[in-house]
Amino acid sequence: MDTIPLSYCTSVRKPHLYTKFSFFAISSRISRFRIVSSAVRPQLNGQDEWMKALDWHMICNRLSEFTSTTIGLSMTQNGSVPFGRTREESQELLRQTMAAVQLPRPLDFSGIFDISRVVEASLSGKLCNIQELCTVRRTLESARSILGQLEAASSHGSSNRYNPLLKLFEGSDFCDKLESQIGFCLDCSVSVVLDRASEKLKDIRAERRKNMDELETLLKGIAEMVSRSKGVNVKPLITRRRSRMCVGVRATHRSLLPDGVILDVSSSGATYFMEPREAVELNNKEVRLLNAERSEEVAVLSMLTALVAESVAKLRGLMDRILQLDLASARGSYARWLDGVCPDLVDCRRNDEAQEEDEKRDEWSIDIDSIRHPLLVRSGLPSSSKSRHHPCRSDELEGAGDSSPMERDGLLGDEKEFPVPLDIKIRNGAKVVVISGPNTGGKTATMKTLGLASLMAKAGMFLPAKNQPKLPWFDYVLADIGDHQSLEHNLSTFSGHVSRLCKILATASRQSLVLIDEIGSGTDPSEGVALSVSILRHLAHKVNLTVVTTHCTDLSRLKNSDARFENAAMEFSLEILQPTYRILWGTTGDSNAISIARRIGFDKAVLNRAHEWIDKLMPNKNKEWKCLIYQSLLQERDKLQTQASKAATATSEIAQLYQEILGEAKDLDWREAALEALVSQQIQDETRRAKTQINDVLMGFEGKLSTHNCDLVNALIREAEIAISSIVAAHESTHEIASFSKSGGENSYIPKVGDRVHVRGLGDKLGTIVEAPCGDDTTLVQYGKVRLRVGKNDLKLFPMNKSISAVDRVTRWQGQAQRRLAKASLVEEKGNEGMAFFAPAVQTSKNTVDLRGMRVEEAAHHLDTSLSSCRPLEVLFVVHGMGTGVVKERALDILKNHPRVVKFEQESPMNYGCPL
């Protein structure tokens, strides 16, 4: 085989300068940095628990379906929709939503990408690749295009209609210089650096094209010469292998290029890819020019990366405005889908005189007509509402909701709207609203609807209502809804309820809305009512509005003594014994628990007894009721005492049984120790007998080796190996069975990767562990080509040290005999022929020894056996792989010292990882 020139080796091993910079997709990326404008900010993290109680994250997920950029999608899906920090900021968000609703067509954000990682990479000094820089350019172009869309819409419509959206881009810098510089240097359609990026790059590429033309002309002439010399009409094959140009020739014609370098061979071995000697210098020049070109491309990319780093502040400000515009567009699309109307936010921070004037002019502090729960609207919208038409204010939406209503079983009438619209009307001066009524009547849903409406208005979103909703601007919406018991935090239902109320009292302000579900529940009714009255009176002084639900009639009576309290009740139809899900303001409602139980189908006898108890619990029969309760408690005490006596008797019996079992266990330990000593003695005796038999075989082998000639050495070795193997196999199964039976299902052995083990499920066959144990104490074991999972108790470690000692002795004697035989053979061959001719070096499965995956001693034994059984003048391929190198070193040491090996060649680019 021809050697490879030094210049070639140096050029092909030179690393590329750009390999350390990774390429990655931009379009699928999600933003990492928060974009927060000066006008709006996301809700504070401390308020997440309150918004979670109101299912605010589900509203954000609905809004995310209408976003157009990955930044907006990430923010909405994380529940980080920005709120106005003041009433004025929320009103500005509502004006932006109104402008987005009135757009003639949706804005096109298709070219906007998340460039936050590119900006951060440029700041940290990392090199931006071509795709990243082109992404920045496309984003800048799309941002300018979006502004053009807004200006075009403004020119065709009202001059002031889209001003809230146009204000977002006031003072924005679109980085025109950066965009033009990237466009001048890069061709983003094919992601390459253009020749005009630098004069040096232009010259290098021109010289490279010239050199490549010369190289292709040379190789084409050589290929045609090879075809003509053998009279074969085959199209010349010119290709690139290992970054060098070469010609493809048949294996039988490679002698036509005596000085050529073999770069590669086809999988079939029929075609050789050779580099003619005349092309070596041109190929070296091509490699040098290619490296120079790539270095210059890196210089151009470094210059563009520096420009991006200089424009970080401008890029972040521009992306901030694009995010605000995307959220405004999403709110507008959501409003169209929702048939929403713009709410009117009222300022809570007015003095007493202004409040009195407002009360004279308007009697309602909250006035919302026919609002539907935002999360239930999806299944209830009529088909005409799902089309994206333009919702406007109440005067423009008159009659928009007059679509065919949907039917729902269980409501009054044949046809009812779903969800049932609610009228929320709270008078001025009311600070606490107590909602009572039946179970499953909609009290909690009403509270959640009011809380979500307040948050949506604060975030600039339209409400699914009629006319123009009016409600105050709340700085916090604090909610205690649901069961907050937690075993992890040692909280019961009542303690979790009180803990949440403590947080609400500590956080609430004069502009807050507080929502409490089932206040005072989970404890003694009298204490719960007392605590609830105290909390509500405190909140009436501290917050703007508090809405609570309850089943306690005492809380509904607070309105009679305090004008700041207001009552409301969920309607219940006594005709069909079902709630109507409508709210009645200014009245109180009954729980109707017995009526609801009768509708569900409860036992009539139980309900009749319940009616009797209601009569007994009347105020004039309280004394009798207390006596009955006292009698019941006495009966319960007697019952518990009886159970305690039975438990004491059972405990005594269990203790006696435990002492008996403990005595038996001590006796078992003594018998187990005696049995282990007996088994150990038997194993030692059997081991001595096996050693004696093996020594006899080895002594006989040595005696025969000294008396017989060299031709019978291999036969004697095989005979000795068979005898030793039969002795080992005869004693091995007995030892393993004894060992497995002794363990009794418990095994202290810890499997490790690479260990040789006996597997009980395979008839105690020898396997290799290829994977560490899992959590269920199973290990992956390979037996031949089969891999299976085996329990730890079914494995027994194979004692490698004891077996290897015997194998080493046999191998040493075998090597001595083979060296004698090899010397005699070499003398005979030199005397008869004078020179040996080896077989052709063509690798097949029969002349290949594969050592990959074996341990060192196993690989050494396998290689030595293969060399010993190889025919004279035969070529053998040894595949050792490229792992840690231990197997390779042992294989090379054996090849150097083995008496039958005349010569060997180490691995080369033609047989990587395989000495010959």
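Keep in mind it's a predicted model, so treat the numbers as computed, not measured.

About the thresholds
- Residues numbered from 1 in each chain as written.
- Predicted model: local features only at pLDDT ≥ 70, side-chain atom pairs only at ≥ 80, totals over all residues.
- Heavy atoms only, no water.
- pLDDT = per-residue confidence, 0-100.
- Contact = heavy atoms within 4.5 Å.
- Pairing = 2+ DSSP bridges.
- Helix = DSSP H or I, 4+ residues; strand = E, 2+ residues; numbered from the N terminus.
- Axes fitted to C-alpha atoms, helices over the stretch in contact; angles between N-to-C directions.
- Phe/Tyr/Trp six-rings, centres within 6.5 Å; stacked < 30°, edge-to-face > 60°.
- Buried < 20%, exposed > 50% of the residue type's maximum accessible area, 1.4 Å probe, protein only.
- Lys NZ or Arg CZ within 6 Å of the ring centre and 35° of its normal.
- Salt bridge = Lys/Arg side-chain N within 4 Å of Asp/Glu carboxyl O.
- Disulfide = S-S within 2.5 Å.
- Expected span 1.5 Å × (residues − 1).

Colleague: Summarise the confidence of the model for the protein chain; cite the residues concerned and give the values.
Modeller: Per-residue pLDDT for the protein chain has a mean of 76; in total, 72% of the residues score no lower than 70. pLDDT under 50 marks residues 379-415. Its contacts with residues more than four places away, or in other chains, come to 61 contacts. Considering only residues more than four positions removed or in separate chains, one finds that residues 734-745, a stretch of pLDDT under 50, has 19 contacts.

Colleague: Could you give an account of the sheet that holds strand β11 (residues 422-427), with specific residues and numbers?
Modeller: The strand order β9-β13-β10-β11 describes an open sheet built from four strands, whose pairing is mixed. If you trace the sheet from one side to the other, it starts and ends with β9 (344-346) and β11, each paired once. Taken pair by pair, the neighbouring strands of this sheet meet at an average axis angle of 20 degrees, ignoring direction. Pairing geometry for strand β10 (residues 364-371) and β11, over five bridges, is antiparallel. Directly across from Ile 368, in β11, lies its bridge partner Ile 424.

Colleague: Lay out the packing of aromatic side chains with the relevant residues and their values.
Modeller: Summed over the entire model, instances satisfying the criterion amount to five aromatic pairs. Measuring from ring centre to ring centre gives 5.3 Å for Trp 56 and Phe 83, while their planes differ by 35 degrees; the resulting arrangement is tilted. Highlighted residues: Trp 56 in helix α3 (residues 56-64) and Phe 83 in strand β2 (residues 82-84), separated in sequence by 27 residues. Relative accessible area serves as the criterion here: at 2%, Phe 83 is assigned to the buried category. Measuring from ring centre to ring centre gives 5.7 Å for Phe 66 and Tyr 334, while their planes differ by 50 degrees; the resulting arrangement is tilted. A residue pair is termed long-range when its members are at least 10 positions apart, and Phe 66 in the loop between α3 and α4 (70-77) and Tyr 334 in helix α12 (residues 312-338) qualify at 268 residues. Accessibility assignment for this pair places Phe 66 and Tyr 334 in one class, buried. Through successive ring pairs, a cluster of aromatic residues spans Phe 66, Tyr 334 and Trp 337. Just above the ring of Phe 273 sits the side chain of Arg 241; from NZ or CZ to the centre is 4.0 Å. Stacked on the ring of Phe 83, the Lys or Arg Lys 458 has its end atom at 5.6 Å from the ring centre.

Colleague: Any details on the pattern of salt bridges? Residues and values, ideally.
Modeller: This structure, assessed with the given rule, holds 29 salt bridges. Across the salt bridge formed by Asp 173 and Lys 314, the nearest N and O atoms sit 3.2 Å from each other. Here Asp 173, found in the loop between α8 (163-166) and α9 (176-185), pairs with Lys 314, found in helix α12; they are 141 residues apart in sequence, far enough to count as distant. Accessibility expressed as a relative area gives 43% for Lys 314, which makes it partly exposed. Of the charged contacts in the structure, one is a salt bridge between Arg 241 and Asp 264, with a shortest N-O distance of 3.4 Å. Residue Arg 241 is found in strand β5 (residues 237-241), and its partner Asp 264 is found in strand β7 (residues 261-265); the two are separated by 23 residues along the sequence.

Colleague: How would you explain the state of the cysteines if you had to name every residue and give the values?
Modeller: If you walk through the whole model with that rule in mind, you get one disulfide. Between the sulfur atoms of Cys 134 and its disulfide partner Cys 188 the distance amounts to 2.3 Å. Taking the sign of the S-S torsion, about -90 degrees here, the bridge from Cys 134 to Cys 188 comes out left-handed. With Cys 134 in helix α7 (residues 130-156) and Cys 188 in the loop between β3 (186-187) and β4 (192-193), the pair connects residues that are 54 residues apart, well separated along the chain. Grouping residues by exposure puts Cys 134 and Cys 188 together as buried.

Colleague: Give a description of the environment of Ala 53 that names residues and reports values.
Modeller: Positionally, Ala 53 belongs in helix α2 (residues 48-53). C-alpha of Ala 53 to C-alpha of Leu 478: the two residues are 425 residues apart in sequence and 9.0 Å apart in space.

Colleague: Give me helix α25 (residues 856-869): which residues, what numbers.
Modeller: One full turn of an α-helix is made of 3.6 residues, so residues set three or four places apart face in the same direction. The terminal C-alpha atoms of α25 lie 20 Å apart, and with 14 residues this matches the ideal 20 Å at 1.5 Å per residue to within 8%. For α25, the set of buried residues is Ala 859, Ala 860, Leu 863, Asp 864, Ser 866, Leu 867 and Ser 868.

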